[in-house]
Amino acid sequence: MSPGRLNALTDGVVAIVLTIMVLEVRIPAEPTLKAVLDVLPFLAAYLLAFIYVAIYWNNHHHMMQSAHRVTGAVLWANHALLFWLTLFPLMIRWIDEA
């Protein structure tokens with residue numbers, strides 16, 4: 001398998017993760033400062049999770065630029081990375097509910 005196909009898979013999964021994360025964002029109930037402050041911890045968690053996902057995605061692309069071929073071990077390692085990345089929306093929801 002070529003590294004380009006693995007990059008395409010990872011790009012798709014990361015795009016879905018980021019989309020689900022942004023769908024979890026709640027709009028303040030009222031246009032007041034207190035309402036904005038109430039959702040601020042959630043927005044901070046969202047920002048932090050977005051930065052983490054972006055860092056993983058960026059590092060993945062830099063790493064795959066040096067790869068010439070993809071073996072089974074690389075595929076499983078990539079799937080493990082994608083598994084942990086897909087838990088970020090759950091983490092965001094959990095922080096919101098706590």
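Just so you know, the residues in each chain are numbered from 1, in the order the chain's sequence is written. In view of the model being predicted, local features appear only for residues whose pLDDT reaches at least 70, and side-chain atom pairs are presented and counted only at 80 or more, with totals across whole chains, interfaces and linings using the full set of residues. Computation of side-chain values covers all heavy atoms of the structure but excludes hydrogens and water.

(A) Spotlight on the pattern of salt bridges. The rule for a salt bridge is simple: a side-chain nitrogen of Lys or Arg has to be within 4 Å of a carboxyl oxygen of Asp or Glu. Under the criterion given, the structure shown has two salt bridges. Where Arg93 meets Glu24, a salt bridge forms, and the shortest distance between an N and an O atom there is 3.1 Å. One end of the pair, Arg93, is in helix α4 (residues 88-97); the other, Glu24, is in the loop between α1 (3-23) and α2 (33-65), with 69 residues separating them in the sequence. The salt bridge involving Lys34 is made with Asp38; its shortest N-O contact spans 3.3 Å. With a gap of four residues between them, Lys34 and Asp38 both fall in helix α2, about one helical turn apart. Secondary structure elements are taken from DSSP: a helix is a run of H or I of four residues or more, a strand is a run of E of two residues or more, and numbering for both begins at the N terminus.

(B) A look at α1. Residue count minus one, scaled by 1.5 Å, sets the expected span of a helix. Its 21 residues place the ends of α1 30 Å apart at the C-alpha level, agreeing with the 30 Å of an ideal helix rising 1.5 Å per residue. Burial status follows relative accessibility: with a 1.4 Å probe on protein chains alone, a residue under 20% of its type maximum counts as buried, one over 50% as exposed, and anything between as partly exposed. Of all the positions in α1, only Pro3, Leu6, Asn7, Thr10, Val14, Val17 and Met21 are classed as buried. Looking down the long axis of α1, one finds its buried residues gathered within 95° of arc, a one-sided arrangement. Along α1, the residues that are exposed and aim more than 90 degrees away from the buried face are Arg5, Ile16 and Leu23. Residue contacts follow a heavy-atom distance rule, with two residues in contact if any of their heavy atoms lie within 4.5 Å. Turning to α1, the residues buried within the fold contact α2, α3 (72-86) and α4. Regarding the arc, it is the one traced by the directions from the helix axis to the C-beta atoms.

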